[in-house]
Amino acid sequence: AELSAALETLPETTADGAEEGRAIAFFGHQGGVGTTALAINTAFALAGEKRRVAILDANVQFGSVAAQLCVVPESDLSHAIRELNAGAILPLTVAGRDPSIAVTASPSDMLAAEAVTPQEVGRVLIELRRSFDVVVVDTAPALDAIALAVLDLSETIVIVTEANSPTIAGTARLLRMLKDLGFGERRIRLVINKYRSANDVISPAIVAEQLGREVDDIVPFVAPVAAASHRGVPALFERAAGPYREAVVRLAKEVGRRDGRG
């Protein structure tokens, strides 16, 4: 409640009058649904539109953004917090070449990770929004105080699920919780990730019926996505990942629009 009250007092523009960047949070209620890979690839798709893009790994204890990009961070979230407290410039790691994105990785030190507070993550996200057109945030699969701070600061919340019964049941509970917490439906975008076919899994129509809302995006399963993560290359750039690339580019266009949902 204190964080929400403080955020309401913040200006929506930077000190020089420029409009702040959008924050897009990716959230999945359980591991294994591909939330991190989808967040990374969406970030690169947005960068491909000539936008200045940053990705913040807010899975503070066990984040894997840096590992999936195969980069050794020059700094991480705990360093960023110390620099902000000292009034210094936010340190960043650059990943990719053309396009490239700026990365704030999760803390490499577990003791430092335990000391990170929701308010500090919020400050880092606000600072990133002042410097970039879009900030993509990967979250931990837990609706804790840090995740809520990120969701509060995000115009769009991408809920990542899969088309199987256990995951859909958890997603239904998550959507109810977000509604009870005051997150409006227009801020939420529901994505079925790693979709195979109607013969293999529950159809999107049945998922929508069970969740009581439409499915916004369907991202197909393609083998190169897993292979790309192992090699530290976004699947977006794999030749054999055409259907996946098309779906991610569509998602990026939707979440990147200021007049879109959120």
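None of the values given here were measured: they were computed from a predicted structure.

Caption draft 1: Quick look at the sheet that holds strand 7 (residues 188-195). Ordered in space as 3-4-2-5-1-6-7-8, the eight strands form an open sheet in which the pairing is mixed. This sheet does not close on itself; its edge strands, each paired only once, are strand 3 (93-95) and strand 8 (217-220). Strand-to-strand, the axes of this sheet are offset by a mean angle of 25 degrees, without reference to chain direction. Contacting strand 1 (22-27), strand 2 (53-57), strand 4 (101-104) and strand 5 (134-138), helix 6 (residues 118-131) runs over the sheet at an angle of about 170 degrees to strand 2. Packed on one face of the sheet, helix 8 (residues 165-180) meets strand 1, strand 6 (156-161) and strand 7 and runs near 160 degrees to strand 6.

Caption draft 2: Highlighting the pairing of strand 1. In terms of burial, strand 1 is a largely internal element, six of the six residues being buried. Side chains of strand 1 alternate between two faces, with R22, I24 and F26 and A23, A25 and F27 buried alike. Where strand 1 and strand 5 come together, five bridges link them in parallel fashion. Residue pairing across strands places A25 opposite V137, the latter belonging to strand 5.

Caption draft 3: Local environment of the pattern of salt bridges. Evaluated as defined, the whole model comprises 11 salt bridges. K194 is paired through a salt bridge with E162; the nearest N and O atoms lie 3.8 Å apart. On the criterion of sequence distance, the pair formed by K194 in strand 7 and E162 in the loop between strand 6 and helix 8 is long-range, its members being 32 residues apart. According to the relative accessible area criterion, K194 is partly exposed, its value standing at 29%. For R189, the salt bridge goes to D217, with nearest N and O atoms at 2.5 Å. Taken together, the residues R189 in strand 7 and D217 in strand 8 connect sequence positions 28 residues apart. Looking at D217, the relative accessible area reads 9%, which means it is buried. One network of salt bridges, in which partners are shared, links E20, E127, R129, R130 and E155.

Caption draft 4: How the structure looks around the packing of aromatic side chains. Within this structure, the stated rule accounts for one aromatic pair. Judged by centre distance (5.8 Å) and plane angle (80 degrees), the rings of F44 and F237 are edge-to-face. Residue F44 is located in helix 2 (residues 35-47), and its partner F237 is located in the loop between helix 10 (223-231) and helix 11 (242-255); the two are separated by 193 residues in the primary sequence. Given the relative accessible area of 3%, F44 is considered buried. Between the NZ or CZ atom of R196 and the centre of the ring of F221, over which it lies, the distance is 4.0 Å.

Caption draft 5: Inspection of the side chain of S154 at higher detail. Its location among the elements puts S154 in the loop between helix 7 (145-152) and strand 6. Within polar-contact distance, the side chain of S154 engages the backbone oxygen of V150 at 2.7 Å. Leaving out residues up to four positions away in the same chain, S154 has contacts with A23, I24, A25 and R187.

Caption draft 6: Examining the environment of V158 more closely. Mapped onto the secondary structure, V158 falls in strand 6. A relative accessible area of 0% means that V158 is categorised as buried. Among residues more than four places away in sequence, those in contact with V158 are I24, A25, F26, F27, R189, V191 and V255.

Caption draft 7: How the structure looks around unusual backbone geometry. In this structure, K50 takes a positive phi of about 65 degrees despite not being glycine. For K50, the location among the structural elements is in the loop between helix 2 and strand 2. The phi angle at K194 is positive, at roughly 55 degrees, despite the residue not being glycine.

Caption draft 8: View of the pairing of strand 2. Counting buried positions along strand 2 gives five out of five residues, so the element sits mostly inside the fold. Burial of the side chains of strand 2 extends over both faces: V53, I55 and D57 are buried on one face and A54 and L56 on the other. Pairing of strand 2 with strand 5 involves five bridges; the strand directions are parallel. Bridging across to strand 5, L56 finds its partner in V137. As paired strands, strand 2 and strand 4 are joined by three bridges and run parallel to one another.

The rules behind the values
- Residues numbered from 1 in each chain as written.
- Predicted model: local features only at pLDDT ≥ 70, side-chain atom pairs only at ≥ 80, totals over all residues.
- Heavy atoms only, no water.
- Pairing = 2+ DSSP bridges.
- Helix = DSSP H or I, 4+ residues; strand = E, 2+ residues; numbered from the N terminus.
- Axes fitted to C-alpha atoms, helices over the stretch in contact; angles between N-to-C directions.
- Contact = heavy atoms within 4.5 Å.
- Buried < 20%, exposed > 50% of the residue type's maximum accessible area, 1.4 Å probe, protein only.
- Salt bridge = Lys/Arg side-chain N within 4 Å of Asp/Glu carboxyl O.
- Phe/Tyr/Trp six-rings, centres within 6.5 Å; stacked < 30°, edge-to-face > 60°.
- Lys NZ or Arg CZ within 6 Å of the ring centre and 35° of its normal.
- Polar contact = N/O pair within 3.5 Å; in protein donor to acceptor, adjacent residues only side chain to side chain.

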